[in-house]
Amino acid sequence: MTDAKPKDSSEQEFKLEPDTELRFEVENPDNKSEKVVLELKSGNAEIFGTELVKDKPYFFWSGAKVAVFTWHGCTLELKGKTDVAYVAKETPMVMYLNVHAALEEERKKSEAEGKRGPIAMIVGPTDVGKSTLCKILLNYAVRATRRPIFVDLDVGQGQISVPGTIGALLVERPSGVDEGFSQLAPLVYHYGNNNPGANTALYNTVVTSLGEVTMDRMRSNKKANHSGAIINTCGWVKGDGYHQILHIAQAFEADVILVLDQERLYNELVRDMPDSVRTLFLPKSGGVVERTSKSRIDSRDARVREYFYGTKTNLYPHSFDVKFSDVRIYKIGAPSLPDSCMPLGMKAEDNMTKLVQVTPGMSVLNHLLAVSFATGVEEDVIRTNVAGFVCVTEVDMDRQTMTVLSPQPRPLPQTLLLLSEIQFMDSH
Ligand SMILES: Nc1ncnc2c1ncn2[C@@H]1O[C@H](COP(=O)(O)OP(=O)(O)OP(=O)(O)O)[C@@H](O)[C@H]1O
Ligand SMILES: [Mg+2]
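Residues numbered from 1 in each chain as written. Chains lettered and ligands numbered in written order. Predicted model: local features only at pLDDT ≥ 70, side-chain atom pairs only at ≥ 80, totals over all residues. Heavy atoms only, no water.

Per an unreviewed UniProt entry, the recorded name for the chain is Protein CLP1 homolog, and the organism is Cloeon dipterum. Per UniProt, the chain carries the Sequence similarities (unreviewed entry) text "Belongs to the Clp1 family. Clp1 subfamily." Annotation of the chain in UniProt includes, under Function (unreviewed entry), the sentence "Required for endonucleolytic cleavage during polyadenylation-dependent pre-mRNA 3'-end formation." (UniProt positions renumbered as here; feature names shortened; annotations may be inferred.)

What follows is the structure, encoded as structure tokens:
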């Protein structure tokens, strides 16, 4: 007698010892979408800090790179086509858990002393697992009943809003296993480019603004204040990129800097940071996979699609016409002039944070436009957060209108729009 189900050739079972992880990648054939189903059959397991529910199917799509870690051992089942699937015994998870424990101590201390909780910032070169470590630490914090703030300053591969932005979010529950943290009211600032080096003056300005508002919000929410914040950064760590890291640490009053993988960066920070800031070196996980520039472009595109359509294509964006005469579009940063040509007392840097009016036309087609909360240029538009984004899907010069894709129905909540360099082709 047998009660075993006939096994599909692509069905695999893994028995994991304590402190090991199953790593797998979903096949990514061109133009084809593959799906892998994961189930926890016995024991306990977590994906980047989120616990799995026994016998519940979890779906992963083409290109997903996943690690299922177990503290006490488990059995896992995988169905579908994977590129690789193996159990790794060497993982840095114990070290990451120790970091969480140290942050927890700081949180307790902050409660006892009525002070602000720890602000931890994660830095390192590209592809070392910075975003993943943020997720793990945030998930562990909420599982410990904290309400930490997640700050994402990566304008290329960020997790809050669309590429070309920075933002902050109060985390109230663990992230979904196959999606990000739920976003009720993220605080978002427009930068407009996926490269933090494209306009350093603007990047530092929006970081300062986000830092001030985040600190204010923490002060007004006791629970968040004691829970502290986890800050994700981008992988640009040399030259101006390094100076941006120093600027971020200052703007967010970082208490702890976690440096992943790069000892040189670690040593530079130890040298340059005041003694009050603790700098810690952490190894990267052997599971982190390097991404090609194509996969970075793909994931940026997926991020914008997700913004309008939702993770499981469960949102229905709205599409409507906007008259050119009803809006004002600006971009930030004028072409730079040599200092000698600048009006007296102005630096070339000031030019990079200047608003320049854009005449609506074909040049905005396929671009994202940020809908600013500012109502007029007399306000400090650059230092004002944005309500959201629309994407220009059509431009009609005869009728002097543009068609936009929007997560909200018409009308636009505000009429001051900021042009982003980020483009999106709506293929729905
Ligand atoms: N232990 C692991 N096993 C397998 N895959 C992993 C592991 N840790 C992270 N990954 C995967 O590796 C990829 C890169 O990780 P992550 O995005 O955290 O790196 P990053 O340093 O933030 O990269 P970037 O510089 O692009 O922001 C992600 O797809 C992530 O899911
Ligand atoms: Mg990242």
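Moving on, there is more to tell.
What follows concerns the overall build of the chain. Secondary structure assignment for the chain yields eight helices and 23 strands. Over its C-alpha trace the chain gives a radius of gyration of 23 Å, about what one expects of a compact globule, namely 22 Å for 428 residues. Considering the chain as a whole, with its 428 residues, one finds that 49% of them fall into the buried category. In the chain, the proportion of contacts linking residues at least 24 apart, taken out of those at least 6 apart, comes to 71%. Carbon and sulfur atoms provide 50% of the accessible area of the chain, an area that totals close to 20500 Å². (Helix = DSSP H or I, 4+ residues; strand = E, 2+ residues; numbered from the N terminus. Rg over C-alpha atoms; globule rule 2.2 N^0.38 Å. Buried < 20%, exposed > 50% of the residue type's maximum accessible area, 1.4 Å probe, protein only. Contact = heavy atoms within 4.5 Å. Areas by Shrake-Rupley, 256 points an atom, 1.4 Å probe, with all protein chains shown as cover.)

With that settled, the discussion passes to the sheet that holds strand β6 (residues 58–61). A sheet is described by the order of its strands in space; here four strands give the open sequence β1-β8-β3-β6, paired in antiparallel fashion. The open sheet has two edge strands, β1 (11–16) and β6, and neither has a second partner. Averaged over all pairs of adjacent strands, the angle between strand axes in this sheet comes to 25°, irrespective of strand direction. (Pairing = 2+ DSSP bridges. Axes fitted to C-alpha atoms, helices over the stretch in contact; angles between N-to-C directions.)

This part is about the pairing of strand β13 (residues 187–190). Across the two faces of β13 the burial is the same, with L187 and Y189 and V188 and H190 all buried. With four bridges connecting them, strand β12 (residues 165–170) and β13 associate as antiparallel partners. Of the residues in β13, the one forming a bridge with I166 is Y189.

This chain's UniProt record puts "binding site: ATP" (unreviewed entry) on E21, K65, D127, V128, G129, K130, S131 and T132. Structurally, G129 can be placed in the loop between β10 (119–123) and α2 (130–143). Overall, the relative accessible area of 12% leaves G129 in the buried class. Apart from residues lying up to four places away in sequence, G129 is in contact with L260 and V288.

Take the sheet that holds strand β20 (residues 367–372) next. Ordered in space as β17-β22-β21-β20-β23-β18-β19, the seven strands form an open sheet in which the pairing is mixed. If you trace the sheet from one side to the other, it starts and ends with β17 (318–323) and β19 (355–358), each paired once. Recorded for the sheet is a direction-independent mean angle of 40° between the axes of neighbouring strands. Pairing analysis gives five bridges linking strand β21 (residues 386–396) to strand β22 (residues 401–406), with the strands arranged antiparallel. Residue pairing for β22: D396 is matched across the bridge by T401.

In this section: the side chain of R23. Of note, R23 is situated in strand β2 (residues 20–26). Within the structure, the side chain of R23 is placed 2.7 Å from the side chain of E21, a separation counted as a polar contact. Looking at R23, its side chain comes within polar contact range of the main-chain oxygen of E90, at 3.2 Å. (Polar contact = N/O pair within 3.5 Å; in protein donor to acceptor, adjacent residues only side chain to side chain.)

A word on the packing of aromatic side chains. Scanning the entire structure with this criterion turns up seven aromatic pairs. A centroid spacing of 5.0 Å and a plane angle of 85° characterise the contact between Y307 and F308, whose relative ring orientation is edge-to-face. Where F308 meets F424, the ring centres are 6.2 Å apart and the plane angle is 25°; that geometry is what we call stacked. Of this pair, F308 sits in helix α7 (residues 293–309) while F424 is found in the segment after β23 (416–423), placing the two residues 116 residues apart along the sequence. Connected via pairs of aromatic rings, a cluster forms that spans Y307, F308, F389 and F424. (Phe/Tyr/Trp six-rings, centres within 6.5 Å; stacked < 30°, edge-to-face > 60°.)

With that settled, the discussion passes to the site of ligand 1. Around ligand 1 there are 21 residues in total, and K65, K130, T132, R291 and R296 lie nearest to it. In the model, a nitrogen atom of ligand 1 is placed 2.9 Å from a nitrogen or oxygen of the E21 side chain. Interatomic distance of 3.5 Å between a side-chain N/O atom of D154 and an oxygen atom of ligand 1. When ligand 1 is considered free in solution it has 640 Å² of accessible area, and contact with the protein chains removes 91% of it. Secondary-structure elements contributing two or more residues to the shell around ligand 1 are β2, β7 (65–70) and α2. For the shell around ligand 1, the per-class residue count stands at six nonpolar, seven polar and eight charged. (Near = heavy atom within 4 Å. Nonpolar A, V, L, I, M, F, W, Y, C, P; charged D, E, K, R; others polar.)

The subject of this paragraph is the environment of A141. As for its position among the elements, A141 is in helix α2. Look at A141 and you get buried, because its relative accessible area is 0%. Each C-alpha atom, one on A141 and one on L103, is 8.8 Å from the other, the two residues being 38 residues apart in sequence. With near-sequence residues (within four places) excluded, A141 lies in contact with H100, R107, R146 and P148.

Let us look at the environment of G63. Its place among the elements puts G63 in the loop between β6 and β7. For G63 and S295, which are 232 residues apart along the polypeptide, the C-alpha to C-alpha distance reads 8.5 Å. Setting aside residues no more than four positions away along its own chain, G63 makes contact with V26, E27 and N28.

Moving on: the nonpolar core. Most often, soluble globular proteins have nonpolar side chains that are buried together. Residues L153, I166, L210, F252, L269 and L368 are the most contacted members of the largest nonpolar core, which totals 81 residues. In contact with I166, other than residues within four places in its own chain, are D152, L153, V155, L187, V188, Y189, Y203, V206, V207 and L210. Formed by 20 residues, the second largest nonpolar core is a distinct cluster that contains F24, V26, L38 and F60. (Core = buried A, V, L, I, M, F, W, Y, C linked by side-chain atoms within 4.5 Å.)

For an interface, size is often stated in terms of accessible area lost upon the parts coming together. In terms of domains, the chain is made up of domain 1 (11–91), domain 2 (93–282) and domain 3 (316–423). Taking only C-alpha atoms, the centre of domain 2 and the centre of domain 3 are 28 Å apart. Taken together, the links from domain 2 to domain 3 amount to zero salt bridges. At the surface where domain 2 touches domain 3, the tally comes to three residue pairs in polar contact (both at pLDDT 80 or more). Put simply, the parts of the chain that give the side of domain 2 that touches domain 3 at least two residues each are β13 and α3 (200–219). (Domains from an automatic or database assignment. Salt bridge = Lys/Arg side-chain N within 4 Å of Asp/Glu carboxyl O.)

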